[in-house]
Amino acid sequence: MKAIELEKAYNPKTFEDRIYARWKEAGAFKPETASAVAAAETASPYTITIPPPNVTGILHLGHGLVISIIDIVIRYHRMKGGQALWVPGTDHAGIATQHIVEKMLRAKGTSRKELGREKFLEETWKVKADHHAIISRQMARVGASVDWDRERFTMDEGLSRAVREVFVTLYERGLMYKGNYLVNWCCTCGTALSDDEVDHEDCTGKLSYVSYPAVDGSGSVTVATTRPETMLGDTAIAVHPDDPRYASLIGKMFRLPLTDRQIPLIADSYVDRAFGTGALKITPAHDPNDWEVGQRHGLAALNVLTPDGKLNGDVPAKYRGLSVEAARKAVADDLKAAGFLVKEEDITHAVGRCYRCHTVIEPFLSEQWFVKMRPLADKALAAWQRGEIIFYPKKWENTYERWLNGIRDWCVSRQLWWGHRIPAWYCRDCGKISVSRTELTACNHCASAKIEQDPDVLDTWFSSWLWPFSVMGWENAACDTPDFRRFYPTTALVTAYDIIFFWVARMIMAGLEFTGKAPFRDVYIHQLIRDKQGRKMSKTLGNGIDPLEIVDEFGADALKFTLAYLCAQGQDILMDKESFKLGSKFANKVWNASRYILMNLEDRSIVKNPALLPVDRWIYSRLNATAAAMEAAFLSYRFNDAAQTIYEFFWNDFCDWYVEATKLSMKDGGEGEQCPLEQSAREKDRATTVLLGVLAESLRLLHPLLPFVTEEIYSKLPPDFSGGLLITAAYPVFSQEREDSAAEKSFGFLQELVRMVRTLRSECTVPPEKKIRVLVRVSGGQSAAGWDGFSFLTENAALVKLLAGIGDLAIERAGEAGQKPAGSIGLAGAGFEAFVYIAEAVDMDTLKRKFVKEQEKDLQFIQSLKAKLANENFLKNAPAELVEGERRKLGEAETRAAKINSWLGEMGLQS
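So, here is what we can say about the structure in this document. Here the structure is a predicted model, which means the values were calculated and not measured. The residue count restarts for each chain, going from 1 along the sequence in the order it is written. For a predicted model such as this one, the threshold for reporting local features is a pLDDT of at least 70, and the threshold for listing and counting side-chain atom pairs is 80 or more; totals across whole chains, interfaces and linings nevertheless cover every residue. With hydrogens and water set aside, each side-chain value is computed from the structure's full complement of heavy atoms.

### Here we look at the overall build of the chain
Then, in step 1: Across its full length, the chain holds 28 helices and 29 strands.
Then, in step 2: Expressed along its principal axes, the backbone C-alpha trace of the chain runs to roughly 115 × 70 × 55 Å.
Then, in step 3: When accessible area is computed with a 1.4 Å probe and restricted to protein chains, residues below 20% of their type maximum are described as buried, those above 50% as exposed, and intermediate ones as partly exposed. Counting every position in the chain, which comprises 911 residues, the buried fraction comes to 54%.
Then, in step 4: Note on contacts: a residue pair qualifies if any of its non-hydrogen atoms lie within 4.5 Å across the two residues. Long-range pairs, those at least 24 residues apart, make up 76% of the contacts in the chain with a sequence separation of at least 6.
Then, in step 5: Working definition of accessibility: Shrake-Rupley area with a 1.4 Å probe, residue cover restricted to the visible protein chains. For the chain, the computed accessible surface area is about 39,900 Å², with 50% contributed by carbon and sulfur atoms.
Then, in step 6: In this tally, Asp and Glu contribute negative charge and Lys and Arg positive charge; neither His nor the terminal groups of the chain are included. Taken as the charge centre is NZ of Lys, CZ of Arg, CG of Asp or CD of Glu, depending on the residue. Here the chain carries 112 positive and 120 negative side-chain charges, and the mean point of each set is 2 Å from the other. We count a stretch as a helix when DSSP gives it H or I for four or more residues in a row; a strand needs E for two or more, and each element gets its number in order from the N terminus.

### Brief notes about unusual backbone geometry
Then, in step 1: Look at the link from Tyr392 to Pro393: it is a cis peptide, with omega at -5 degrees.
Then, in step 2: Within the fold, Pro393 resides in the loop between strand E15 (390-392) and helix H11 (396-405).
Then, in step 3: Between Tyr488 and Pro489 the backbone carries a cis peptide bond, its omega angle lying at 0 degrees.
Then, in step 4: Mapped onto the fold, Pro489 is located in the loop between helix H14 (482-487) and strand E22 (492-496).
Then, in step 5: Residue His358 is not a glycine yet carries a positive backbone phi of 70 degrees.
Then, in step 6: Looking at the secondary structure, you find His358 in the loop between strand E13 (341-354) and strand E14 (362-371).
Then, in step 7: A positive phi angle, near 60 degrees, is found at Tyr637, a position not held by glycine.
Then, in step 8: Topologically, Tyr637 is positioned in the loop between helix H19 (614-635) and helix H20 (639-666).
Then, in step 9: Tyr637 sits in the buried class, given a relative accessible area of 2%.

### A look at the pairing of strand E23 (residues 522-526)
Within a regular strand, side chains alternate between the sheet's two faces.
Then, in step 1: The buried fraction of E23 amounts to 5 of the 5 residues, a majority that puts the element mostly inside the structure.
Then, in step 2: Whether two strands pair comes down to DSSP finding at least two bridges between them. As paired elements, E15 and E23 share 3 bridges and run parallel to each other. Bridge assignment links Phe391 to a residue of E23, and that residue is Val523.
Then, in step 3: Sheet analysis places E22 next to E23, joined by 5 bridges and oriented parallel. Residue Thr495 lies in a different strand from E23, and its bridge partner there is Ile525.
Then, in step 4: Handedness of a crossover: with both strands directed away from the viewer, a clockwise path from the first strand across the helix to the second marks it as right-handed. In this fold, the crossover linking E22 to E23 by way of helix H15 (residues 500-515) has right-handed handedness.

### Some remarks on helix H7 (residues 157-172)
Then, in step 1: Taking 1.5 Å of rise per residue, 16 residues should cover 22 Å, and H7 covers 23 Å from first to last C-alpha, within 8% of that figure.
Then, in step 2: All of the buried residues in H7 are Gly158, Leu159, Ala162, Val163, Arg164, Glu165, Val166, Phe167, Val168, Thr169 and Leu170.
Then, in step 3: Once H7 ends, the next one or two residues include Gly174, with phi positive near 75 degrees. Expected helix span is computed as 1.5 Å times (number of residues minus one).

### Remarks on the state of the cysteines
Then, in step 1: A pair of cysteine sulfur atoms is labelled a disulfide when the two atoms are within 2.5 Å. Under the criterion given, the structure shown has 0 disulfides.
Then, in step 2: Note on Cys186: no disulfide assigned, nearest cysteine sulfur contributed by Cys357 at a separation of 3.4 Å.
Then, in step 3: Cysteine Cys430 is unpaired, with the sulfur of Cys443 as its nearest cysteine sulfur at 3.7 Å.
Then, in step 4: Cys430 sits in the partly exposed class, given a relative accessible area of 31%.

### Remarks on the side chain of Thr56
Then, in step 1: In this fold, Thr56 is placed in the loop between strand E1 (46-49) and helix H3 (61-79).
Then, in step 2: For Thr56, a relative accessible area of 9% gives the class buried.

### Brief notes about the pattern of salt bridges
Then, in step 1: The salt bridge criterion pairs a side-chain nitrogen of Lys or Arg with a carboxyl oxygen of Asp or Glu, the two atoms within 4 Å. A full pass over the atoms with the stated rule returns 59 salt bridges.
Then, in step 2: A salt bridge links Lys560 to Asp71, with the shortest nitrogen-to-oxygen separation between them at 3.2 Å. Of this pair, Lys560 sits in helix H17 (residues 556-566) while Asp71 is found in helix H3, placing the two residues 489 residues apart along the sequence.
Then, in step 3: With relative accessibility at 1%, the residue Lys560 sits in the buried group.
Then, in step 4: Judged by its relative accessible area of 0%, Asp71 falls in the buried class.
Then, in step 5: Across the pair Arg738 and Glu697 runs a salt bridge, and its minimum N-O distance is 2.5 Å. Note that Arg738 is positioned in the loop between helix H22 (707-714) and helix H23 (741-763) and Glu697 in helix H21 (residues 681-702), a separation of 41 residues in sequence.
Then, in step 6: Looking at Arg738, the relative accessible area reads 28%, which means it is partly exposed.
Then, in step 7: Taking the relative accessible area as the measure of exposure, Glu697 reaches 10% and is therefore buried.

### Thoughts on the packing of H11 against H15
Then, in step 1: Where H11 meets H15, the axes come as close as 11 Å, and the angle between the chain directions of the two elements is 75 degrees. Between H11 and H15, the angle is such that the two are roughly perpendicular. Contact residues: Trp396, Thr399, Tyr400, Trp403 and Leu404 in H11; Ile500, Phe501, Ala505, Arg506, Ile508 and Met509 in H15.
Then, in step 2: Under the scheme applied, nonpolar residues are Ala, Val, Leu, Ile, Met, Phe, Trp, Tyr, Cys and Pro; charged residues are Asp, Glu, Lys and Arg; polar residues are all the others, including Gly. Per-class residue counts for the contact of H11 with H15 are 9 nonpolar, 1 polar and 1 charged. The axes used here are C-alpha line fits, helices contributing only the stretch in contact, and every angle between their N-to-C directions lies in the interval 0 to 180 degrees. Roughly parallel here means an angle under 35 degrees, roughly antiparallel means over 145, roughly perpendicular means 65 to 115, and every remaining angle is called oblique.

### Here we look at the packing of aromatic side chains
Then, in step 1: For Phe, Tyr and Trp, where Trp contributes only its six-membered ring, two rings pair if their centres lie within 6.5 Å, and the inter-plane angle classes them as stacked under 30 degrees, edge-to-face over 60, or tilted in between. Taken as a whole, this structure holds 49 aromatic pairs when the rule is applied.
Then, in step 2: Measuring from centroid to centroid gives 5.5 Å for Phe462 and Trp465, while their planes differ by 45 degrees, and the two rings are tilted. Across the pair, Trp465 and Phe462 agree in class, each one buried.
Then, in step 3: Residues Phe561 and Phe586 carry aromatic rings whose centres are separated by 4.8 Å and whose planes lie at 35 degrees to one another, so their mutual orientation is tilted. Note that Phe561 is positioned in helix H17 and Phe586 in helix H18 (residues 581-599), a separation of 25 residues in sequence. Just as Phe561 is buried, Phe586 falls in that class too.
Then, in step 4: Positioned above the aromatic ring of Tyr596, the side-chain terminus of Lys663 is 5.4 Å from the ring centre.
Then, in step 5: Only when the NZ of Lys or the CZ of Arg is both within 6 Å of the ring centre and within 35 degrees of the ring normal is a charge said to sit over the ring. Note that Arg773 overlies the ring of Tyr837, its terminal NZ or CZ placed 3.5 Å from the centroid.

### A look at the nonpolar core
Most often, soluble globular proteins keep nonpolar side chains buried together rather than apart.
Then, in step 1: In terms of nonpolar packing, the biggest core is built from 209 residues, with Leu404, Phe462, Trp465, Met509, Phe650, Phe654 and Leu705 touching the most fellow members.
Then, in step 2: Examining the composition of this core, we find that 13 residues originate from one element, H20, more than from any other.
Then, in step 3: When sequence neighbours within four positions are dropped, the list of residues in contact with Leu404 reads Arg374, Ala377, Ala380, Leu381, Ala505 and Met509.
Then, in step 4: Judged by nonpolar contacts, the second largest core, of 36 residues, contains Tyr212, Leu302, Ala330 and Leu335. Put simply, buried Ala, Val, Leu, Ile, Met, Phe, Trp, Tyr and Cys residues joined by side-chain atoms within 4.5 Å make one nonpolar core.

### Structural notes on the sheet that holds strand E27 (residues 806-813)
Then, in step 1: Read from one edge to the other, the open sheet built from 4 strands follows the order E27-E26-E29-E28, with strand pairing classed as mixed. The open sheet has two edge strands, E27 and strand E28 (825-829), and neither has a second partner. Sheet twist, expressed as the mean angle between neighbouring strand axes with direction ignored, is 20 degrees.

### Some details on the sheet that holds strand E8 (residues 220-225)
Then, in step 1: Pairing within the open sheet is antiparallel, and its 3 strands lie in the order E8-E7-E13. Where the open sheet ends on each side, the last strands, each with one partner, are E8 and E13. Neighbour-to-neighbour, the strand axes of this sheet turn through a mean angle of 20 degrees, independent of strand direction.
Then, in step 2: Here strand E7 (residues 198-213) pairs with E13 via 13 bridges, running antiparallel. Residue Asp202 lies in a different strand from E13, and its bridge partner there is Ala350.

What is shown is where atoms sit, not what they do.
Structure below.
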């Protein structure tokens, strides 16, 4: 063979784009690959759909995490055989997209209303096209192995038909209705929001105590409110029916301050007698709890706001047209001036804000479309209870159950233009509503042509909750597309915990209601990425990380591997830009190790069925155990375990031990020693063949986590070890035949000896090039299984010398000799003692000064740790993990100090 040259420096920019294009051109992302089709009859497909990113945005690090996790798992299952499908797509993001387009129009000096609906939608589709192209490029840059031919958009024709089918079906089943109810209203976006689209945050404010005088002059009742402007819409005062303070006032009429209206005092058990004055103002049109009270008592609901957040014509003229904030101040000032304001208190209270524009949400009486959720939620709960849905981590099942048990009807209409228009028409002649799967030109009830379609659109999540089956071609109950038959239900969902309500639970409800099956089995909930201080990443803090910047600087593999390595279930990920050096250094290690192997192929030949030395059997046993651990980690969605397992195997077992050990076989001559096999071309060929085989399998193990660098290296391997693309090669699996506990025990014995010698060399600052003299005394004879440490070390003495930097190695049985050799330091291992002639390798006076200085430093450190751990305040207030960490440091420092003291004693260097 000829030597194969990899570039000296690992530079992912030179091959990542080229490799991605090669994958696409080869159809490697499609489930119809030859190997997958061959296995399709026996293996179930592995299917996953992307949580569709908003078409208006660019990918942030949260998207980078989701895409990385899904790409890892889909690559693993693709290599396992069978059909693996990852469906990409984007979400039309109604409010967000319309907000961006309206902002763009304002910058041009125009507006949505000036443009008109048709022209506005044309502009929005252009924005969608531009942003979609950006997202697609970004996904390719991070290496997403999605089937681009199956890409979907929540407003494409097929998904739009599915949305209309579901709306009409729900209406026909009595689960979709229109009603005049209190909704969450965003005055900036001009639309209703569901409960889950409202973010709550604590704000400071005033609690105003207002006196309401009785009409008959018999006294007054004081109520407390944070929203004095809404009192203009009060229609009652409420007290608890068993509150003796107000028993005589129930049923009386009271004057509403600043107005000419009178309102009754009613009794309702909702009122908490112990809170405040025990009396509440009731404003049914502007508070959800007041709405419920009003419904029970038949109270009028007086809306005092306009859709854009101004006070309307139902309030005294003085306040009409004022914003909520201005009206609040004006009403408070007037209450004080008129003697109705008893007092004010500073408070902190939760305020709801729009999840998109952050405007304060107003409870607003409005006619909207709603979905009855209770029947759907019961089915979703039952499916989870039957074990059809499994959450990873399991703790999220509690959140799922709690939300479904407390579910409220879903307001699905939005006062927007961008989105799925509601398929309902209103007849001006008969006044009835016609709901239809197709466009109507006449009323379904009276055949009048005087009909008008509802101007509103459906909530963005109304199309998203159909995503797992609508992307497979489902458009109605009779759907029978090949993709729906083969790939639905999907296998898994990967998403963030903050949309369990918005999306996860609703998809399960929709899947069960319209297909009779849960849309997926596994739900992996990943955590949030935070900065090193534990803060959520945001533009305001300026601590965000652009995944494309990471790809540009470190490569896509570094992004994916680092995120996986840090992605422990149930724990938020704390990181900064420097964190990605971990993945970059590991990819670089893989590159350099492979480069060393390939550059040494000159004049080598492949050997069929090569004999295996003990070290070869050891590495294959370690590779075998690693394959088993990787499978367990991937199947349980423990991506950090997978990353850490393969990192340890490749860096430690393969590079630090095995590759180093093979250098013995590659040497020309044996320094006058008898080696396990004669140093010859034949032995070099044998060792090279085994080494290439282990490298090839290692690359396959690594591929899901480092796809680009492994594919590039794999393509350079000799044909006997590659053949085709790595992305579709078989993933290594555990084999009972490869499990070799004897080889692991033997090599583990050797490793312990080498590690102890290496550590002592380092502690004593023996130069790397200095060969040392070592005597090893092995205790015990041959075990019942036939293993003998003395014989094993004797047979592998050359390897021990190579790995530990030993020039003269003597091995004897423990009973054959006596005292510790002079000028040596003794090391005790499991089944052996090793004596290192350190006095021959270093200046003893210099070594003594070093040890004494380190010992003094250790003793000072020990004293400081003991003082800290004796401090009751520290033990009481510090986190448990910090206390445990300090105790661990103390133990390690004490062990080291004792070790140095022992060495000083052994060498007669103690003062």
